[in-house]
Amino acid sequence: MISIPLESGLLLAGILFALGVVGLLVRRNVVFVLMSLEIMLNAAGLAFIVAGARWGQPDGQVMFIFILTMAAAEVAVGLALILQIYHRFKTLDSDAASKMRG
Amino acid sequence: MLELLWIVPALPFLGFLLLVLFGKHLSRTGVALIGVGSVGISGILTILIAISFITAPPAGHHFAQTLWVWIDVAGFTPAIAFYLDSLSMIFMLVITFVGFLIHLYSSEFMLDDDGYSRFFAYMNLFIGSMLTLVMGNNLLLLYLGWEGVGLCSYLLIGFWYQDPANGYAARKAFVVTRVGDASMAVGLFLLFKHFSTLNIQSILTQAPDLWAIGAPVATAAALLLLGGAVGKSAQLPLQTWLPDAMAGPTPVSALIHAATMVTAGVYLIARMHVVFALSPIAMLIVAIVGALTLLLSGFSAITQVDIKRVLAYSTISQIGYMFLGLGVGAWSAAIFHFMIHAFFKALLFLGAGVIILTHHHEHNMFKMRGIRKQLPVTFWTFLIASGALAAFPLVTAGFYSKDAIIWYAWSSEQGSPLLWVAGFVGAFITAIYTFRMVFITFFGEPRMEATHKPGIRLKIPLVVLGTLSVIAGFLNLPETMGHFTPFSDFLHFALPAVRTFHETLTQEFFFQIYTALASLVGIYLAYFFFIRKFEFIVQFTKTTFGAALQRYWFSGWAFDWFYDLLFVRPYIWIARINKEDVFDLIYDGIAAISRVFNRMFSFTESGRIRAYAMSIVIGAIIILTIAVVL
Amino acid sequence: MTLTFLYLWFVIGGILAWISGRWSKNFPRWISLGFLSIHMAVLIIIWIKYLAAQSAGIQSGPWIMEINVPWIARFGIHYSLALDGFSLLLIVLSNFLGIMAVAASWEGIQYRIGFFHFNLLWILAAIVGIFLAMDLFLFYFFWEIMLVPLYFLIGIWGHENRTYATLKFFIFTQASGLFMLLAILGLYFVHGASTGIYTFNYTDLLGTPMSGTTAFWLMLGFFIAFGVKLPLVPVHTWLPDAHTEAPTAGSVDLAGLVLKVGAYGFIRFMIPLFPEASFSFAPVAMILSVVGIIYGAVVAFGQTDLKRLVAYTSISHMGFVLLGAFAWNQLALQGALIIMLSHGLSTGALFILVGDLQDRIHTREMGKMGGLWDTMPRMGGYAMFFSMASLGLPGIGNFVGEILVLFGVYQVSVTLGIIATIGFIVATIYSLWIIQRAFWGKNTQSWKLHDHNPREVAIMVIMVVGLMWMGLYPQTILNTSRQAFKNMRQYVYNVFQPYHQKSSAYQVNPARDEMTEKSLNTAQIKPKDGDQK
């Protein structure tokens, strides 16, 4: 089994995370925002896997499964919210839903 | 007999209770029966007690009766207990007897009033409280009666409550006397601190041992008590409430503001005479207060047009005489004047009441004039009482009582020529204003017709009091005229005799002649100016000086104006501007500050998810940078 | 067991009243009244037994009854309740005013009646708990619990500006409670550090050795909490708002009971726990209370809202209580207690009167009143009586209390005694103003109103009788509380002698107290010669 160097794995995770952040910040469409969030979560999960493989510990995989479950739940709630937003504002623009401003 | 003492004040209280509870359902006759009857029975009882007290005096010429311990805390044990000696006996007799006559009079006087039962309820409460005041064996019980009569005075001045002016007069009376009461309360604190008791007799017996003559603390105690006395007795500087108190029904003025309540101060000083005697300064101040008051209010009385206000100022002035008597140590002379004054002043008020009642409730003397033919009984009794007030020599009781005070103002050890001059001038002025009132009201061309004739219940008190205003004087004849003094002999069981320099009989005789002359000349001057040459007065009041003087005296030496400026207005002003409570500003300030912060930070809550995400990212970057750098 | 009953009974009653409110409007009222009456019967039995034991000379420890079992032993928290004459009287007052509050809102409250009575009874439960708790943790627990039902009571059934008032009230009391919590914890740790025993128990904490500065800061924590409740002048502004906006029952409870909780805290906890710090602070506290006496009266006079006026008078009256507490002699303390009781009655009655008036004319503005004596002489008469009580007319309970406090204070400080006496004058001004504006004068608005009905008359008569009883024979109350105050004073004197024995009236003078004791015993058998010595 060829072991991927730790650095490459972490770099990939970092790039993925940065892409997610940028997506989160620049996209106004809520669906894309949700997707960016998923990317960031998976980037974090990847970092855990890589680290777990490096130390030969199962904790990384445990954490990844944990993140996976959480992401699933988050997507469920997020999509429900998106449907509601679309239903109410007739748009998917996240800036339109700014009723919570102080 | 003496064991029944407690019933004397209990009966009027019972009458009050019955009238308050059932007054609405009783007929007027029923109300009058309870109201007058309770005082009448208590009067009869007082007379019986007096007879038993005089014929078979108890040991030490005093009698005490304890009903129950009122408060008992760590050595502070005032009781609901009554004390009877010759001083309280005389006050009880006057209160119940004059009180009964005035109640009888009121039963006709107030007949047309809607508040008939309310009136008698208040009057009974007053008699009960006044009796408690003079019978209490400790100062706290005395204070209970003291405040109780103040309450009744308030209620009765404001009896016709619909008129805001009456309400104002009532409030003024209560608040001004309360100022005096506060001083008296402090006096009680001081006495308790030093004697560990409020029992009057134990204070009086302990005081000479504990305090030296002229000790500052004795002066303080005496002056604090004097503060209470000047409030209740309308003496300088708290005299301003009494003229306004005339807003009440006339029987009230007769009972409360002439005969009984306003003399409570005299009673207090006489009762605490040992404390006063320990402080020559306080005694002097009492005498000066009396002398000044009798002069100031005498001058004010000359200018009044309202018959009741003339009488009010003359009451203040006569109580000034009592204070003068007390101040020079002539205790029994002061008490004698109190009794005589109660008779003739009550009579004057009752007579004025008849006039007012039968003349469309008109108070202005100048609008009546010449009514002696219409009301003969009233006229003659009023004349007798006026004679007594003006100290008409030999035949009126007022001469004997007032002459004694003026004489002692000269001859007593604490007396002085200046005090005598004040008393003498006062007697002169008294004669002038009294007969000015008589001549204006009863003589001259009639301007009004009496609407109806007074009934029998109005006349009986007039006649009885008129008789007393003559014969009561013979209870205490001076040395020059037979030296028949059962009154002061009786009082000397409770009060010490006056200590005089050894003046000769001739001297006393000449001084009596001066006093008599003052009275006669005063009456003549009143006749001259107000019957014969009335235009003189009219002319004089038209000059600038005359008009100013008249206005000044008419307003009671502008005390009201002064107090208004000094106390009333600032108080109202402070209360008004501080309605919203200045301390609330502090908390409003705190609230405002939090609101500012709220506004400062609330713009970050834009509601845009991307902005939040951005700030999270920036925050994360900053923290990471810090972590890396450090 | 009885002690637990005393507060638990109200907890149960409250829940039952709430549930029963679903079926009928009258069930909660009758249930509350029934629970209160049974409670009152129990209290009276305890009271009579105690008085009998006292006059027979049986002394069994400092408490009438007590219970002390570990609750959370790990932290030294005990379920510790105790009753002495002082707390007994205050619990009787709570119950009495509870009955009055239920009676006064019999017709006025028509909305969510079950929940209303639940709150009413739970307030009482918490207040009884406060008066019983002898463990500081438990005390704090009840102290905070009290606020919640009170918050609902004002917030739901209050008048137009209730949201503001409830919020203000809650913030003030909650924030001040926090200081007390800190002080309690501080005391707990200081005591633990110096003795090794970590406990919240009141009797154990008495006489905790600590440095002057620590004591001062801890004392200040208690002082703020109790001072806000009392209320003391700079921190009083929640009171007029809360009282004015509360429904009648709420005002009665606030004025009659919540303020008393503050006073109780001063006397029971603050001074005995920190005697030295308290008495070094006494000049400040006493000046604040004198300022309160006069300031409250002046501001009261300036009000145009009748209920607000009455609310401000409370500040003035409670000033006397604190003054008495800090004078710390038997006279002043017993006087303070009598004021607490009689103020509860007289101010409670005035609030009920204002409530009755508001039910009839739908305003509290005094400008719209005037001449009401014409149409409601009975109400006018009662208003007159309670105004007179408020200005301290002798023969009414308030006078006995105030004069005792002043006699006591004068022994400590002549100046403060004199200034406080001015309170008599300013009280006269506002009291007479109430009568003048509401009942005297011309009936300019041509009000034609029905006078007090039998229910209202009954409330008033009971209050009048209570006040007259306290005014003319306060001995029943003084006998009940005497021993309690003596005990507390003894704790303090064991540690510290306040006022440097300037006057003999300060010390627990065995000779003098003995004499009183003796004279009392004879007094109950036959009338004796009072103060003739």
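Residues numbered from 1 in each chain as written. Chains lettered and ligands numbered in written order. Predicted model: local features only at pLDDT ≥ 70, side-chain atom pairs only at ≥ 80, totals over all residues. Heavy atoms only, no water.

(A) Quick peek at unusual backbone geometry. Pro237(B) follows Leu236(B) through a cis peptide bond whose omega is 0°. Structurally, the position occupied by Pro237(B) is in the loop between α8 (216-232) and α9 (241-244). The omega torsion of the bond from Leu230(C) to Pro231(C) falls at -5°, within 30 degrees of zero and hence cis. Relative to the helices and strands, Pro231(C) is located in the loop between α8 (212-229) and α9 (238-245). Here His61(B), not a glycine, exhibits a phi torsion of approximately 55°, which is positive. Within the secondary structure, His61(B) sits in the loop between α2 (28-55) and β1 (63-69). A positive phi angle, close to 60°, is found at Trp557(B), a residue other than glycine. (Helix = DSSP H or I, 4+ residues; strand = E, 2+ residues; numbered from the N terminus.)

(B) Spatial organisation of the packing of aromatic side chains. All names here are of chain C. Taken as a whole, this structure holds 98 aromatic pairs over all chains when the rule is applied. Ring geometry for Trp 18 and Phe 118: centres 4.6 Å apart, planes at 40°, overall tilted. Residue Trp 18 is found in helix α1 (residues 2-20), and its partner Phe 118 is found in helix α4 (residues 113-132); the two are separated by 100 residues along the sequence. Residue classification places Trp 18 among the partly exposed positions, given a relative accessible area of 42%. Where Phe 223 meets Phe 281, the ring centres are 4.8 Å apart and the plane angle is 90°; that geometry is what we call edge-to-face. (Phe/Tyr/Trp six-rings, centres within 6.5 Å; stacked < 30°, edge-to-face > 60°. Buried < 20%, exposed > 50% of the residue type's maximum accessible area, 1.4 Å probe, protein only.)

(C) Local environment of the interface of chain A and chain B. Each side of the interface is counted separately: chain A has 13 residues, and chain B has 10 residues. Taken together, the links from chain A to chain B amount to 1 residue pair in polar contact (both at pLDDT 80 or more). Of the residues assigned to the side of chain A that touches chain B, the class counts are 6 nonpolar, 3 polar and 4 charged. (Contact = heavy atoms within 4.5 Å. Polar contact = N/O pair within 3.5 Å; in protein donor to acceptor, adjacent residues only side chain to side chain. Nonpolar A, V, L, I, M, F, W, Y, C, P; charged D, E, K, R; others polar.)

(D) Highlighting the confidence of the model for chain C. Residues and elements named next belong to chain C. On average, residues of chain C score 87 in pLDDT, and 93% of them reach the 70 mark or higher. Taking the mean pLDDT of every element in chain C, the minimum, 40, falls on helix α20 (residues 510-525) and the maximum, 93, on α4. Across residues 501-533, where pLDDT falls below 50, the model places 69 contacts with residues more than four positions away in sequence or in other chains. Quick note on the complex model: pTM equals 0.88, ipTM equals 0.90. (pLDDT = per-residue confidence, 0-100.)

(E) Fine view of α1(C). All names here are of chain C. The first and last C-alpha atoms of α1 sit 26 Å apart over 19 residues, in line with the 27 Å expected at 1.5 Å per residue. Where α1 bends most, the angle comes to about 30°, and this point is Leu 8. Among all positions in α1, only Leu 3, Thr 4, Leu 6, Tyr 7, Trp 9, Phe 10, Val 11, Gly 13, Gly 14, Ala 17 and Ser 20 are buried. Elements that come into contact with the buried residues of α1 comprise α2 (26-55), β1 (65-72), β2 (77-83), α3 (85-104), α4 and α5 (136-157). (Expected span 1.5 Å × (residues − 1). Bend = angle between axes of the 7 residues up to and from the residue.)

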